[in-house]
Amino acid sequence: MRRNLLFLAVTALLVTVVTAPLHATDARSEYGVTLAISGEEARAESLFITMLSHTKGDARALNNLGNIRLLRGETSVALAFYERALRGDSLDAGIHLNHATALMLLGNQARSEAAFARGVKLAGGPEAAAALMGIPKEPAVPKEPTERASKKTAIDPEQIRAMLKQAASAVPTGKVESAGSGVKTSTGKAPSAWRSAGPRASDGSETPQLLYWKR
Amino acid sequence: MTSWNARWLRLAALLAACATFTPACEALARTPSNQVPVGPRAIAMGGAFSAIADDASALFWNPAGLVGVGNQELTASHANLFGVGIREDLAAFVLPLSPGFAMAADWYHSGFEDDELGFSENRATVGMAFKVRPWLWAGTGAKLLTRGTRLDGLSIVSGRGIGFDAGLLVSPTDHWRIGLVGQDVTGTDVRSSEGKGDNAYSRNLRLATAYTRPGLATAAFDVDDRWHLGLEVTPHALLALRGGAERDREGREDIAWSMGLGLKVGLARIDWARSVPPTLDPTDHFSFALEFNFNPAQVRIEKVQADEIYTSLYKSYARDAFGKVQLRNLQDRPLTTRVSVFIPELMTAPSEQEVTLRPGAVNEMPLTAVLDETVLGQRGDRPVQVQVSASYQSKRLVRREKGTARTFAYGPGAINWGEGMTQAAAFVTPRDPAVDALARQAGRLALALDKNPFGIRNMAFAAAVTDALAELGVAYVPDPTNPFSTISATPHAVDTIHYPYQTLDRLSGDCDDTTVLMASMLGNLGVNTQFVDVPGHILLLADTGLNERNRAALGVDSTLMVIDNERVWIPLETTSLAQGFVKAWRDGADAIAAGTATNKVHYFDVTQAQVNFEPATPPGERNVRSLVEERFSARLEAEAKEVSAIREQYFAARFGAGARELEATAGALEEVARIEFEGGNLEGAGSRLRGALAKAPQSASAHNNLGDVLAGMDSAAIADEHWQAALALGRRDPGIALNRGIVRWARGDGASAMSLLGPAVAEAGGYAAACRLVGLDPDGTHDRADDFSDELLTLRNGIRSVLQQSELAGKEQGKVSGPPSSTPILSNVPPSELSRYLYWIE
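Attention in this report is confined to the structure presented alongside it.

About the thresholds
Residues numbered from 1 in each chain as written. Chains lettered and ligands numbered in written order. Predicted model: local features only at pLDDT ≥ 70, side-chain atom pairs only at ≥ 80, totals over all residues. Heavy atoms only, no water. Helix = DSSP H or I, 4+ residues; strand = E, 2+ residues; numbered from the N terminus. Buried < 20%, exposed > 50% of the residue type's maximum accessible area, 1.4 Å probe, protein only. Contact = heavy atoms within 4.5 Å. Areas by Shrake-Rupley, 256 points an atom, 1.4 Å probe, with all protein chains shown as cover. Pairing = 2+ DSSP bridges. Phe/Tyr/Trp six-rings, centres within 6.5 Å; stacked < 30°, edge-to-face > 60°. Lys NZ or Arg CZ within 6 Å of the ring centre and 35° of its normal. Axes fitted to C-alpha atoms, helices over the stretch in contact; angles between N-to-C directions. Parallel < 35°, antiparallel > 145°, perpendicular 65-115°, else oblique. Left-handed = near helix turned anticlockwise from the far one by under 90°. Nonpolar A, V, L, I, M, F, W, Y, C, P; charged D, E, K, R; others polar. Expected span 1.5 Å × (residues − 1). Patch = residues over 30% accessible without salt bridge, like charges linked within 9 Å, V, L, I, M, F, W, Y side chains within 5 Å. Salt bridge = Lys/Arg side-chain N within 4 Å of Asp/Glu carboxyl O. 1 Å grid on protein atoms, 1.4 Å probe; cavity = no way out; pocket = protein on both sides within 12 Å on 5 of 7 lines; lining within 4 Å. Points joined across faces, edges and corners; volume = space filled by probe spheres on them.

1. Overview of the overall build of chain A
Helix and strand content of chain A: eight helices and zero strands. Ordered by position from N to C terminus, the α and β elements of chain A give α-α-α-α-α-α-α-α. Taken across its 215 residues, chain A has 51% of its residues classed as buried. Across chain A, contacts joining residues at least 24 apart in sequence account for 69% of those joining residues at least 6 apart. Element-wise, carbon and sulfur atoms account for 58% of the exposed surface of chain A, whose accessible area totals about 9700 Å².

Right, here's the structure in full:
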């Protein structure tokens, strides 16, 4: 009886010691992503750097820092962050897709296509890859082109979708791997077709959601 | 040929005709027409009939019009001219032989007889017409004329002659026609048996025009030696009222007035006209006509059923049926039929579609029609007649069967909730000028708030729209006579929604009014919305723009949001507008929670609904309202503080204080700096490293790496200070000396560089090890021209060379003949590129 109690106590202590910092890091990551998506990029950046204080080379923090740089228009720096993140987790489809997006924005078509192909393969197919990127299904009502001036980098979901399709065609059928991201497919509704010349809800404000945030 | 080109061609032809005809008309019109006009319909319209010419009298007025009659017509008319015993009779027959060709014949008699004197004139005319183009018709007629005069029963004068007529009809648009007629173009003479000739009918040229408003009226104008003006009004399909006037162009005579009416029942038509000349007694003209086809009907319209029409939904009727028509094919073979739907009160042109009817069967078709946008200008409700016709080829002619039904057209704003809540989407008008101006101003001011305290952009817009309406004083006022809760639950009840501009004008509305108003304003700002149908009430969901997986970014708990279709939406109770955004949000959440408890909540995406119920902006003036900017901004800021507090509370509860208390370490900052450096952001990297030094002033790595960054920024002197500081901290690392040496070499200070590089290369373990420390492969096998520019290849080879020489110098203990280079390499390569080959302490 005493042995069992002792065993339970030691186990509880170990669990507490091992998981407590992990949970704190998870919370920081989630909070950082939340802040970044709600436009508080500076606070989000600080949080992700604190994650690096805890774990050097943390792929989550590096990927998400890359996203923040991409949103600021510092695409080359974002690329460096993604490359560093891939050193820590080379099997994460989302980081490959972000990496591919940055390469696409830099005009490096060949490397971008290769990175998309790798990302799609790891994600398990173009739909899963699109879902990872937060790209909605193709709209029933075609979306009118909008001004995208308010964010320094605005990602066109149509362009990403096209790249994913192209990448999918490069992946041999039946040979897709799943990164196990547990992504649900989107059911997608038609977006608004009316656009005025005034302030717009979609003027690049969706861009943070069109990146893969590693939580 | 495209319709555009065809229209230009018509106009060109018309202009050419006018250009040639007008001078001729001017020259010849002085010759008075001495033919007596025929046909009560034309006479009632003052003789303004040459551009109409759509019945059997067309052979007289304009033979080109014969081809447009479209059916056989037999007509007879009679008049006692001026009540003096001069009798006038006409019989005419039109025979269409194909859709593009028709023939006609008539016989005209006028005569006077008393005990002593007798006079008679007989005229027989045959004519034909054909379509040169669908918009250009031509016709001609030839006449044989006989005249005789008797005195006391003996013929004293008699003779005969031949004459010719010709005419053109042009249709520049669907309802506008121009007619050109040359009557007796060669001058018609009567030659007696003795060979004596006498001009019976002089040449007469007429220019005419007519405009028809289908189902309502036709106005016409002719000019020859006289002007003729006529109007025909058809208040009902069976009845026509006519009036006209004519006068000589010199103005010597008074105006001759005329009037008349026509009745049409089935195949028969009866017309009457009274002409009132200025000096003579009035004359009454009567005619009876039969319109018929020799070939029997092949289609029968069994039934036309029209539902009530809601003008606000007028665009939807182009696709969605507002009734049905049953057509029976009486033949034992399939029949292609063109079905036309026309509502004179709501349309300017019929909507047509071609269908194939199955043999012997009743074919049911939905009634659809393209209604005119002017229906939104309709005041109140009105009865309308739906006219359906089925046209088909029968033998060589086009037959047309007709059917009608009566229904009501409700004025703009009317809605039947029993047909579904999605119809309300037709009232969401983001483009309305009143909505657009207010939404833009509110949106602009929301974005002007510092750092968007609402967090999400769509949240800021939702708050701005709600507070803008609150600021204007838009109040929820339930309809006292037809409350939404009652009328929306009453089958077939017709309610009224006010358009957003109307609600903005009145500054009040019930829940449906305020809901479509808010949806319109949010739509203007690009925020998608959904109607929320809870029992007896309607409210709104606004799209936050967040994917479901990012719902935490909203910063509120799940009771204040709705997840639908993987998107995060916030509820807005539009009846709580006056109390501001947060209150409207909370009340909306409460309303949904109450409905969810009874499982009676339904959502309707406005954008999706507008695919079927496309909105249209009613015409008219707008009362464009604007906000007092300072007051509105203050209100919005107060609202933002409240939202911020809610979000912070939520974040604290969800993520815990620990998530924010950890400080970045110097190591983390150095890690970020390294990546910034790789990404080319030297300023950012420098900033991080300074931050790292502030936290750990004794960090040799931070000093060394900052030296690298500064060297890349062309601050070699300060860089060297940091490298020396790193060495002073006791760090025994040959890479630091390599950095110092390489930079000196690159700047052309070869001797100094060699003194540093020699020992450093030796300490590093030789040339190859030194190369690896600065990120170079020793043998240059990776130096491909595809990857590096010529300048970079030169730089890489230069570094290798200097390191190799340094190794040799170290082995020979400084017995090198001289420095490797005296030319600064940085004249060709930017310092930032050089810095990539400096040693970085990870």
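2. What to know about the overall build of chain B
For chain B, the count of helices and strands is 21 helices and 33 strands. Carbon and sulfur atoms make up 54% of the accessible area of chain B, which amounts to about 36900 Å² in all.

3. Thoughts on the sheet that holds strand 23 (residues 382-394) of chain B
Residue and element names in this part refer to chain B. Read from one edge of the open sheet, five strands run 18-24-23-20-21, paired in mixed fashion. Sheet topology places strand 18 (309-310) and strand 21 (351-357) at the edges, where each strand pairs with a single neighbour. Where strand 23 meets strand 24 (residues 397-410), 13 bridges bridge the pair, whose relative direction is antiparallel. Each residue of the ladder has a partner; that of Val386, found in strand 24, is Ala405.

4. Notes on the environment of Phe116(A)
Residue and element names in this part refer to chain A. Tracing the sequence through the fold places Phe116 in helix 6 (residues 109-123). Considering only alpha carbons, one finds Phe116 and Thr101, 15 residues apart in sequence, at a separation of 7.9 Å. Discounting chain neighbours no more than four positions away, the residues touching Phe116 are Leu97, Ala100, Thr101, Met104, Ile160, Met163, Leu164 and Ala167.

5. A closer look at the packing of aromatic side chains
A full pass over the atoms with the stated rule returns 12 aromatic pairs over all chains. Taken together, the ring pairs connect Tyr31(A), Tyr650(B) and Phe651(B) into an aromatic cluster. The ring of Tyr501(B) has Arg622(B) lying over it, and the distance from NZ or CZ to the ring centre is 3.7 Å. Stacked on the ring of Phe788(B), the Lys or Arg Arg796(B) has its end atom at 4.1 Å from the ring centre.

6. Looking at the sheet that holds strand 19 (residues 323-329) of chain B
Residues and elements named next belong to chain B. Strand order in the open sheet formed by three strands is 17-19-22, with antiparallel pairing between adjacent strands. If you trace the sheet from one side to the other, it starts and ends with strand 17 (299-306) and strand 22 (362-366), each paired once. Direction aside, the axes of adjacent strands within the sheet are offset by 20° on average. Here seven bridges tie strand 17 to strand 19, and the two strands are oriented antiparallel to one another. Within strand 19, the residue paired with Lys303 across the bridge is Gln326.

7. Some remarks on the packing of helix 2 (residues 41-54) of chain A against helix 13 (residues 666-678) of chain B
In contact at an axis separation of 8 Å, helix 2 of chain A and helix 13 of chain B are set at 115° when each is read in the N-to-C sense. It follows from the interaxial angle that helix 2 of chain A and helix 13 of chain B lie roughly perpendicular. Remark: the crossing between helix 2 of chain A and helix 13 of chain B carries right-handed chirality. Contacts between helix 2 of chain A and helix 13 of chain B involve Ile49(A), Leu52(A) and Ser53(A) from the first element and Ala668(B), Leu669(B), Glu671(B) and Val672(B) from the second. The residue inventory of the contact of helix 2 of chain A with helix 13 of chain B, partitioned by class, reads five nonpolar, one polar and one charged.

8. Topic: the environment of Val582(B)
Residue and element names in this part refer to chain B. Its location among the elements puts Val582 in helix 9 (residues 581-597). Sequence separation between Val582 and Thr466 is 116 residues; the distance between their C-alpha atoms is 9.2 Å. Once residues within four sequence positions are removed from consideration, Val582 is found in contact with Glu639, Glu642, Val643 and Ile646.

9. Let's talk about unusual backbone geometry
Residue and element names in this part refer to chain B. Of note in this structure, Phe82 is not a glycine but carries a positive phi near 55°. Looking at the secondary structure, you find Phe82 in the loop between strand 1 (72-81) and strand 2 (86-98). Phi at Leu507 is positive, roughly 60°, even though this residue is not glycine. Mapped onto the secondary structure, Leu507 falls in the loop between helix 7 (500-506) and strand 28 (508-509).

10. As for helix 4 (residues 75-88) of chain A
Here helix 4 of chain A contains 14 residues, and its C-alpha end-to-end distance of 20 Å stays within 8% of the 20 Å for a straight helix at 1.5 Å per residue. For helix 4 of chain A, the secondary structure elements touched by its buried residues are helix 3 (59-71) and helix 5 (93-105) of chain A together with helix 13 of chain B.

11. Considering a nonpolar patch on the surface
Taken together, the side chains of Leu74(B), Leu241(B), Leu261(B), Leu263(B), Leu267(B), Ile270(B), Phe288(B) and Leu290(B) define a hydrophobic patch exposed on the protein surface, amounting to about 670 Å² of accessible area. For the nonpolar patch, the elements supplying multiple residues, two or more each, are strand 14 (256-265) and strand 16 (283-292) of chain B.

12. Structural notes on the pattern of salt bridges
Residue and element names in this part refer to chain B. One pass over the structure, following the stated rule, counts 60 salt bridges over all chains. Between Glu73 and Arg269 there is a salt bridge, with the nearest N and O atoms lying 3.7 Å from each other. You can see Glu73 sitting in strand 1 and its partner Arg269 sitting in strand 15 (residues 268-276), a full 196 residues away along the chain. Neither residue differs from the other here; Glu73 and Arg269 are each classed as buried. For Glu352, the salt bridge identified is with Arg338, shortest N-O distance 3.5 Å. Linking Glu352 in strand 21 with Arg338 in strand 20 (residues 335-342), this pair joins segments that are 14 residues apart in sequence. Via salt bridges that share partners, Arg41, Asp54, Asp55, Glu73, Glu232, Arg242, Lys264, Arg269, Asp271 and Glu291 belong to a single interconnected network.

13. Some thoughts on empty space enclosed by the protein
Residue and element names in this part refer to chain B. Counted according to the given criterion, the structure contains four cavities of 30 Å³ or more. Its volume calculated, the largest cavity comes out at about 90 Å³. Together, 13 residues line the largest cavity, and Gly39, Pro40, Ser57, Thr75 and Ser287 are the ones closest to its centre. Looking at the lining of the largest cavity, the elements that each hand over two or more residues are helix 2 (40-44), strand 1 and strand 15. When its residues are assigned to classes, the lining of the largest cavity shows three nonpolar, five polar and five charged.

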